Amino acid sequence: MSADFTQFIKILGKGKKGARPLTTDEAELAMSMMLAGQALPEQEGAFWMLIRIREETVEETVGFTKAVRAHLAKQMPNAKVDIDWPAYAGKRNELPWFLLSALALADAGYQIVMHGHSFKGEGRLYVDEVIQSLGLPFLTEQNAHLLEDHLAQHRFLYLPLASIDKRLSKMMDLKLSLGLRSPVNTVVRMMNPLQAKHSVHGVFHKGYDDLHAQACLQLEDPSVLIFRGGNGEAEINPEREVTLATVQDGQLKWDKWARYEHEHTRNKDNLSIERLIDHWTGVSVDPFGEKAVLQTMAGVLGLIHNEPDQAHCLELAALLWQSRHREYLQYNQVV
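Residues numbered from 1 in each chain as written. Predicted model: local features only at pLDDT ≥ 70, side-chain atom pairs only at ≥ 80, totals over all residues. Heavy atoms only, no water.

Caption draft 1: Here's a closer look at the nonpolar core. Among the nonpolar cores identified, the biggest contains 50 residues, and Trp-85, Leu-99, Leu-105, Ile-112, Met-114, Ile-131 and Phe-156 are the most heavily contacted of them. Here the element with the most residues in this core is helix H15 (residues 287-304); it accounts for nine residues. Once residues within four sequence positions are removed from consideration, Met-114 is found in contact with Trp-85, Ala-87, Phe-98, Leu-99, Ala-102, Val-127, Ile-131, Phe-156, Leu-157, Tyr-158 and Leu-159. The next biggest cluster of nonpolar side chains, apart from the first, holds 44 residues, and it includes Phe-8, Leu-35, Ala-67 and Met-171. (Core = buried A, V, L, I, M, F, W, Y, C linked by side-chain atoms within 4.5 Å. Buried < 20%, exposed > 50% of the residue type's maximum accessible area, 1.4 Å probe, protein only. Helix = DSSP H or I, 4+ residues; strand = E, 2+ residues; numbered from the N terminus. Contact = heavy atoms within 4.5 Å.)

Caption draft 2: Region of the structure containing helix H14 (residues 273-281). Of all the residues in H14, the buried ones are Ile-273, Arg-275, Leu-276, His-279 and Trp-280. Looking straight down H14, one finds its buried side chains confined to an arc of 155°; they lie on one side. You can read the cap of H14 off the contacts: a side-chain oxygen lies 3.1 Å from the backbone nitrogen of Glu-274, and it is on Ser-272. Positive phi shows up at Gly-282, right after H14, with a value of about 85°. (Arc of directions from axis to C-beta. Polar contact = N/O pair within 3.5 Å; in protein donor to acceptor, adjacent residues only side chain to side chain.)

Caption draft 3: Representation of the packing of aromatic side chains. One pass over the full model with this rule turns up eight aromatic pairs. Taking 5.4 Å as the distance between ring centres and 85° as the angle between the ring planes, the aromatic pair formed by Trp-280 and Trp-321 counts as edge-to-face. Taken together, the residues Trp-280 in helix H14 and Trp-321 in helix H16 (residues 310-322) connect sequence positions 41 residues apart. Accessibility assignment for this pair places Trp-280 and Trp-321 in one class, buried. Taken together, Phe-5, Phe-8, Phe-47, Trp-48 and Phe-64 form an aromatic cluster joined through their ring pairs. Here Lys-175 stacks its cationic end above the ring of Phe-119, 5.4 Å away from the centre of that ring. Against the face of Tyr-260 rests Lys-291, its NZ or CZ located 5.1 Å from the ring centre. (Phe/Tyr/Trp six-rings, centres within 6.5 Å; stacked < 30°, edge-to-face > 60°. Lys NZ or Arg CZ within 6 Å of the ring centre and 35° of its normal.)

Caption draft 4: Spotlight on the pairing of strand E5 (residues 223-228). Across the six residues that make up E5, a large majority, five, are buried. The sheet contact formed by strand E4 (residues 198-203) and E5 spans five bridges and is parallel. Note on E5: the bridge partner recorded for Gly-202 is Phe-227. Between the parallel pair E4 and E5, the chain is carried across by helix H13 (residues 208-219), and the sense of this crossover is right-handed. (Pairing = 2+ DSSP bridges. Right-handed = clockwise from strand over helix to strand, strands pointing away.)

Caption draft 5: Geometry of empty space enclosed by the protein. A complete count under the given rule lists two cavities of 30 Å³ or more for this structure. Around the largest cavity sit 13 residues that line it, and Thr-246, Asp-255, Gly-302, Glu-307 and Pro-308 are the ones nearest its centre. For the lining of the largest cavity, the secondary structure elements donating two or more residues are strand E6 (242-248), strand E7 (251-257) and H15. Split into classes, the residues belonging to the lining of the largest cavity amount to five nonpolar, five polar and three charged. For the second largest cavity, the calculated volume is near 30 Å³. Lining the second largest cavity are Met-49, Met-171, Met-172, Leu-174, Lys-175, Leu-178, Leu-180, Arg-181, Ser-182 and Asn-185. Those elements that provide at least two residues to the lining of the second largest cavity are helix H10 (166-172) and helix H11 (174-178). (1 Å grid on protein atoms, 1.4 Å probe; cavity = no way out; pocket = protein on both sides within 12 Å on 5 of 7 lines; lining within 4 Å. Points joined across faces, edges and corners; volume = space filled by probe spheres on them. Nonpolar A, V, L, I, M, F, W, Y, C, P; charged D, E, K, R; others polar.)

Caption draft 6: The arrangement of a positive patch on the surface in detail. Judged by side-chain charge, Lys-206, Arg-228, Arg-240, Arg-266 and Lys-268 come together as a positively charged surface patch. For Arg-228, the position within the fold is in strand E5. (Patch = residues over 30% accessible without salt bridge, like charges linked within 9 Å, V, L, I, M, F, W, Y side chains within 5 Å. Areas by Shrake-Rupley, 256 points an atom, 1.4 Å probe, with all protein chains shown as cover. Salt bridge = Lys/Arg side-chain N within 4 Å of Asp/Glu carboxyl O. Lys, Arg positive; Asp, Glu negative; His and termini not counted. Charge placed at Lys NZ, Arg CZ, Asp CG, Glu CD.)

Caption draft 7: Region of the structure containing the side chain of Gln-310. Locating Gln-310 in the fold gives a position in helix H16. Using a relative accessible area of 17% as the deciding quantity, one classes Gln-310 as buried. Within the structure, the side chain of Gln-310 is placed 3.0 Å from the backbone oxygen of Ala-258, a separation counted as a polar contact. The residues contacting Gln-310, other than those within four sequence positions of it, are Trp-257, Ala-258 and Gln-295.

Caption draft 8: Spatial organisation of the sheet that holds E5. With mixed pairing, seven strands are arranged side by side in an open sheet as E3-E2-E1-E4-E5-E6-E7. If you trace the sheet from one side to the other, it starts and ends with strand E3 (156-160) and E7, each paired once. Across the sheet, the mean angle separating the axes of adjacent strands is 20° when strand polarity is ignored. Relative to E3, strand E2 (residues 112-116) runs parallel, the two sharing five bridges. Along E3, the bridge assignment pairs Ile-112 with Phe-156. (Axes fitted to C-alpha atoms, helices over the stretch in contact; angles between N-to-C directions.)

Caption draft 9: Region of the structure containing the packing of helix H7 (residues 127-134) against H14. Between H7 and H14, the shortest axis-to-axis distance is 11 Å and the interhelical angle comes to 60°. Comparing the axis directions of H7 and H14 gives the class oblique. Handedness of the crossing formed by H7 with H14: right-handed. Each of Val-130, Ser-133 and Leu-134 in H7 lies in contact with H14, whose residues at this interface are Ile-273, Leu-276 and Ile-277. Here the residues of the contact of H7 with H14 sort into five nonpolar, one polar and no charged. (Parallel < 35°, antiparallel > 145°, perpendicular 65-115°, else oblique. Left-handed = near helix turned anticlockwise from the far one by under 90°.)

Shape descriptors only; they carry no functional weight alone.
Written as structure tokens, this is what we have:
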């Protein structure tokens, strides 16, 4: 069973002169075999680390993503989703303000599916912890059959990677035994498991925005926003200039947005979830959170409306934020 998978290890690991990247077809087949359980755990570890050393190519990313999408199409429900929101990085020095951006958009009527994976003991605050603390819709194996009902009722839903696919989750968890993240981190951001109309990708490392953009073009994805976000999440850091990549209708556009916050208001010493709740309900206004929420909402609204102008998008975001239902976090909880 596993002998066939050695062909990919040989392609990747034949030394400086003999090794080469996988073609798109080879990458698609390799991922299909792993998802079907046709590779040994040690083979998977070697496979991902060989690619990790030199970083994945666009062609490999396309092939991996094709395989994952074909695999998930056989098991995921046909739900209506407006925005796919991967959240896999975790925050180190601020709260996940992008969650409030997503909730405000859901409150305005957009159907949003957020999905992610967490690693305990890393000193990061993962969004699943916050979502569970707030009592927001959180799908597990036990209530997976309620996906469409929860989404229709709440317009926001969080899917742990393990609820999407156990094998993908195990691939992510190779980090625990190997000590390094793998290209699976790219794939889960690319996969769009419920085939949403729009997708927003946050990346951390320089150049990965272009990798995602070029892969999305080859995959003919309809509408994707990509940028280097706060700690690698899909959250625009208002204290920095940001470059937004937009893939729509077979075209790639790059837009540079100015920094929105000119004071250093980030509060990395207080990662209490109460700050999020107080900001949402209007008990207090968090200076950094206010700008992070609005700038992130503006970026997503710019994608949805095909509007590159930062000022106009910020106006749209401010209107939605001001009209939010401040009781949303209470009345939208799942009992």
